[in-house]
Amino acid sequence: MLVDLIRVKAGAEPIKFGLILGSGLGHIAEQVDGIAIDYTDLPGFPHAGVSGHNPKLVVGDLEGVRVAVLGGRMHYYEQGQADVMRVPVETLHQLGAEAIIATNAAGTCEPNTKPGDIMMLSDHINFAGANPLIGEETDQRFVSLSDAYDPAMRTALRSAAKAADVDMSEGVYAWFSGPSFETPAEIRAIRRMGADAVGMSTVPEVILARFFGMKAAAISVITNMAAGLSTENLSHEHTKKMAPLGAAKLEKVLRRYLSNQSR
Ligand code: HPA
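Scoring rules and cut-offs
- Residues numbered from 1 in each chain as written.
- Predicted model: local features only at pLDDT ≥ 70, side-chain atom pairs only at ≥ 80, totals over all residues.
- Heavy atoms only, no water.
- Helix = DSSP H or I, 4+ residues; strand = E, 2+ residues; numbered from the N terminus.
- Buried < 20%, exposed > 50% of the residue type's maximum accessible area, 1.4 Å probe, protein only.
- Lys, Arg positive; Asp, Glu negative; His and termini not counted.
- Salt bridge = Lys/Arg side-chain N within 4 Å of Asp/Glu carboxyl O.
- Polar contact = N/O pair within 3.5 Å; in protein donor to acceptor, adjacent residues only side chain to side chain.
- Contact = heavy atoms within 4.5 Å.
- Near = heavy atom within 4 Å.
- Areas by Shrake-Rupley, 256 points an atom, 1.4 Å probe, with all protein chains shown as cover.
- Pairing = 2+ DSSP bridges.
- Core = buried A, V, L, I, M, F, W, Y, C linked by side-chain atoms within 4.5 Å.

1. Describing the side chain of E251
Mapping E251 onto the fold places it in helix α7 (residues 236–261). It is R255 that comes nearest to the buried, bridge-free E251 among opposite-charge side chains, at 4.2 Å. Within the local environment of E251, its side chain forms a polar contact with the side chain of Q31, the two groups lying 2.9 Å apart. Not counting residues within four places of it along the chain, the set of residues in contact with E251 comprises H27, I28 and Q31.

Put into structure tokens, the structure is as follows:
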């Protein structure tokens, strides 16, 4: 089995958290004291891929907590498969993860938020309308998504941000399929529907995590004002260029959160 293969390489001790890293946010994987396995060596792991991602699974310790980090995530927009991350997320569960923490790059719909800021997800809007559980045949597919973003984890992450002296807002993330960016009209519409930020990921993984019985939390690094909110041209190059601005803040919060968990 896939987990046995990982345990042979990384050791059998269960992990506590699975981290899923967004575009341009791969730095933290390099700081884990452990071993890295290429997705190409993990049967069932998707390994198409987007530039700005590092398709490796890293298992080891960060701030004294055993974690597994998915350095590259695949997106719905690659092949139109909403469940493309099912095997990686299930693997985190099988390795023992109680929870996932997903990170992503996102555009803000909120004029008061700026590139380089970070936002913890309080909830999401599945605007892509796809779902990774379509085709699942058991009644487990009827997953409740009330409190999808675990309230206790959010409280602890909020405290971690405060202790690390990082401003972290909280808001609703709307999932758009991509890969094209949104139109200004879509951004005006989604703002009225209650979204604070928009992006092309995370929602499928959170649904899968809840399906597998794990808790979930997620943090966005804001890389740009959403379409129509600034004159800046949106591009993946721009996302990759801007991600490191907020990545340092994200890293501080995650480290503080994990070190609080290790006590
Ligand atoms: N829209 C969608 N996805 C994104 C954006 C955006 O503005 N920025 C980074 N990822």
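2. A short note on the site of the ligand
Close to the ligand lie A105, A106, G107, F181, E182, V198, G199, M200, T223, N224 and T239, which account for all nearby residues. Between a nitrogen atom of the ligand and a main-chain N or O atom of A105, the distance comes to 3.3 Å. Within the side chain of E182, one N or O atom sits 2.8 Å away from a nitrogen atom of the ligand. Protein chains bury 96% of the 260 Å² of accessible surface belonging to the ligand in isolation. Put simply, the parts of the chain that give the shell around the ligand at least two residues each are β5 (99–108), β8 (197–199) and β9 (215–225). Examining the composition of the shell around the ligand, we find that 3 residues originate from one element, β5, more than from any other.

3. Details of the pairing of strand β7 (residues 168–175)
For β7, the buried fraction is high: 6 of the 8 residues fall into the buried class. One ladder, built from 8 bridges, connects strand β6 (residues 118–126) with β7; its direction is parallel. Across the sheet, M120 pairs through a bridge with E170, a residue of β7. The pairing of β7 with β8 spans 3 bridges and is classified as parallel.

4. Observations concerning the nonpolar core
I6 and L92 are the most contacted members of the largest nonpolar core, which has 45 residues in total. Among the elements that make up this core, the one with the highest residue count is helix α6 (residues 203–211) (6 residues). If we ignore the near neighbours within four places in the chain, the residues touching I6 are G11, I37, L42, L57, V59, T91 and L95. Membership of the second largest hydrophobic core comes to 33 residues, among which are I28, V65, A160 and A247.

5. Quick look at the environment of G60
As for its position among the elements, G60 is in strand β3 (residues 56–62). Overall, G60 belongs to the buried group, its relative accessible area being 1%. C-alpha separation for the pair G60 and A29, spaced 31 residues apart in sequence, amounts to 9.6 Å. In this view, G60 contacts V32, D33, G34, V65, R66 and V67; residues no more than four positions away in its chain are not counted.

6. A word on the pattern of salt bridges
For the coordinates displayed, the defined rule picks out 9 salt bridges. As a salt-bridge pair, E98 and K16 come within 3.5 Å of each other at their nearest N and O atoms. On the criterion of sequence distance, the pair formed by E98 in the loop between α3 (86–94) and β5 and K16 in the loop between α1 (2–10) and β1 (17–20) is long-range, its members being 82 residues apart. In this structure E98 comes out as partly exposed when scored by relative accessible area, which is 38%. Judged by relative accessible area, which is 25%, K16 ranks as partly exposed. K240 serves as the salt-bridge partner of E237, at 3.5 Å between the closest nitrogen and oxygen. Taken as a pair, E237 and K240 lie in helix α7 at a separation of 3 residues, close to a single helical turn. Taking relative accessible area as the criterion, E237 reaches 54% and is therefore assigned exposed.

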